[in-house]
Amino acid sequence: MKNLIKVERARHNMTQAELAEKVKVARQTIIAIEGGKFVPSTVLAFKIAKVLNCTMDLLFELEDKDWE
Amino acid sequence: MKQHSFPYSHWTKFLGLLIMAAGVFSFFQQHHKKGVFDLNELAIGFSWGLVFVFFSKEKTDDEMIQGLKFKALARAIIVAFFITHLYNYLFLNWRFERGQDTILSISAYQFMALTLILATGSFYYLKHQLTLNEEQ
């Protein structure tokens with residue numbers, strides 16, 4: 001799953017640590033999500049979208065390989 | 001929607017390390033007193049200690065950490081079971097005769113210690129792999 005967390009985070013001038021603190025996860029989790037190595041749960045994805053003040057479908061996008 | 005998958009607080013990791021240290025101390029004390037290396041003595045300390053180390057909460061316990069721990073534990077059980085079975089077959093039951101001998105095995109403490117050593121190592125390895133090339 002592709003995501004634009006890094007872009008939106010930069011737009012809000014927010015560090016990974018700040019975002020992690022706001023959504024109550026470890027910074028490593030934000031790093032893994034941004035790197036596409038971990039797909040967050042629906043609840044966490046909604047929390048991230050809310051903190052970054054954007055919608056879920058703007059933040060996350062399915063890739064072809066997700067359908068395989 | 002906060003889920004608490006692991007029963008022990010973060011500080012119990014230190015308790016676990018203390019128990020492991022006590023196990024190592026007891027292992028060498030037994031050797032000093034009796035002149036034997038009793039692996040069970042070591043395994044008891046390691047298995048109890050690692051229960052507290054592995055099943056305690058991390059500093060920030062979130063869904064990724066819980067997922068990684070589950071993955072590490074699932075892998076460790078399979079690998080430890082395979083190693084145990086292989087060791088039992090090759091070293092303890094090589095000349096086993098059905099109907100005459102009883103099947104020998106390593107102790108439950110040794111199996112538990114092996115499983116938890118593999119699980120703990122695997123967990124920190126997976127965590128490290130996920131955060132490689134991190135950028136701030």
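Up top you'll find the structure we're talking about.
Computed from a prediction, not measured in an experiment: that's the story for all the values here.

Engineer: I'm lost on the overall build of chain A in this one. Help?
Structural biologist: Across its full length, chain A holds five helices and two strands. In terms of overall dimensions, chain A is globule-like: its C-alpha atoms have a radius of gyration of 11 Å, near the 11 Å expected for 68 residues. Expressed along its principal axes, the backbone C-alpha trace of chain A runs to roughly 35 × 20 × 20 Å. Sorting the 68 residues of chain A into buried and exposed places 40% on the buried side. Intrachain contacts of chain A at a sequence separation of at least 6 include 56% that bridge at least 24 residues. When the accessible surface of chain A is totalled, it reaches about 4300 Å², and 53% of it is carbon and sulfur. On chain A, the mean spot of the 11 positive side-chain charges and the mean spot of the 10 negative ones are 8 Å from each other.

Engineer: Can you help me understand the interface of chain B and chain A in this one?
Structural biologist: Contacts between chain B and chain A engage 13 residues on the former and 17 residues on the latter. Counting the contacts that link chain B with chain A gives zero salt bridges. Joining chain B to chain A, the criterion identifies four residue pairs in polar contact (both at pLDDT 80 or more). For the side of chain B that touches chain A, the secondary-structure elements that each account for two or more residues are helix H3 (63-92) and helix H4 (108-130) of chain B. When residues in the side of chain B that touches chain A are grouped by element, the largest group, three residues, is from H4(B). For the side of chain B that touches chain A, the class distribution of residues is four nonpolar, four polar and five charged.

Engineer: Explanation requested: the nonpolar core in the structure shown.
Structural biologist: In summary, soluble globular proteins display a tendency toward joint burial of nonpolar side chains. Counting 33 residues, the largest nonpolar core has Ile5(A), Leu19(A), Val23(A), Ile48(A), Leu52(A) and Leu59(A) as the members making the most contacts within it. Mapped onto this core, the elements with two or more residues apiece are helix H2 (16-23), helix H3 (27-34) and helix H4 (42-51) of chain A together with helix H2 (39-54), H3 and H4 of chain B. If near-sequence neighbours (up to four positions away) are discounted, Ile48(A) is found in contact with Ile5(A), Leu19(A), Val23(A), Ile33(A) and Leu59(A).

Engineer: What is the right way to look at the packing of aromatic side chains in this model?
Structural biologist: Two measures describe an aromatic ring pair: the distance that separates the ring centres and the angle between the ring planes. All names here are of chain B. Counted by the stated rule, this structure contains eight aromatic pairs over all chains. With a centroid separation of 5.1 Å and an interplanar angle of 90°, the aromatic rings of Phe-54 and Phe-55 are classed as edge-to-face. With a centroid separation of 5.7 Å and an interplanar angle of 75°, the aromatic rings of Tyr-89 and Trp-94 are classed as edge-to-face. Since its relative accessible area comes to 55%, Trp-94 is described here as exposed. Three or more aromatic residues joined by ring pairs make a cluster, and in this case those are Tyr-8, Trp-48 and Phe-52.

Cut-off values and rules
- Residues numbered from 1 in each chain as written.
- Chains lettered and ligands numbered in written order.
- Predicted model: local features only at pLDDT ≥ 70, side-chain atom pairs only at ≥ 80, totals over all residues.
- Heavy atoms only, no water.
- Helix = DSSP H or I, 4+ residues; strand = E, 2+ residues; numbered from the N terminus.
- Rg over C-alpha atoms; globule rule 2.2 N^0.38 Å.
- Buried < 20%, exposed > 50% of the residue type's maximum accessible area, 1.4 Å probe, protein only.
- Contact = heavy atoms within 4.5 Å.
- Areas by Shrake-Rupley, 256 points an atom, 1.4 Å probe, with all protein chains shown as cover.
- Lys, Arg positive; Asp, Glu negative; His and termini not counted.
- Charge placed at Lys NZ, Arg CZ, Asp CG, Glu CD.
- Salt bridge = Lys/Arg side-chain N within 4 Å of Asp/Glu carboxyl O.
- Polar contact = N/O pair within 3.5 Å; in protein donor to acceptor, adjacent residues only side chain to side chain.
- Nonpolar A, V, L, I, M, F, W, Y, C, P; charged D, E, K, R; others polar.
- Core = buried A, V, L, I, M, F, W, Y, C linked by side-chain atoms within 4.5 Å.
- Phe/Tyr/Trp six-rings, centres within 6.5 Å; stacked < 30°, edge-to-face > 60°.

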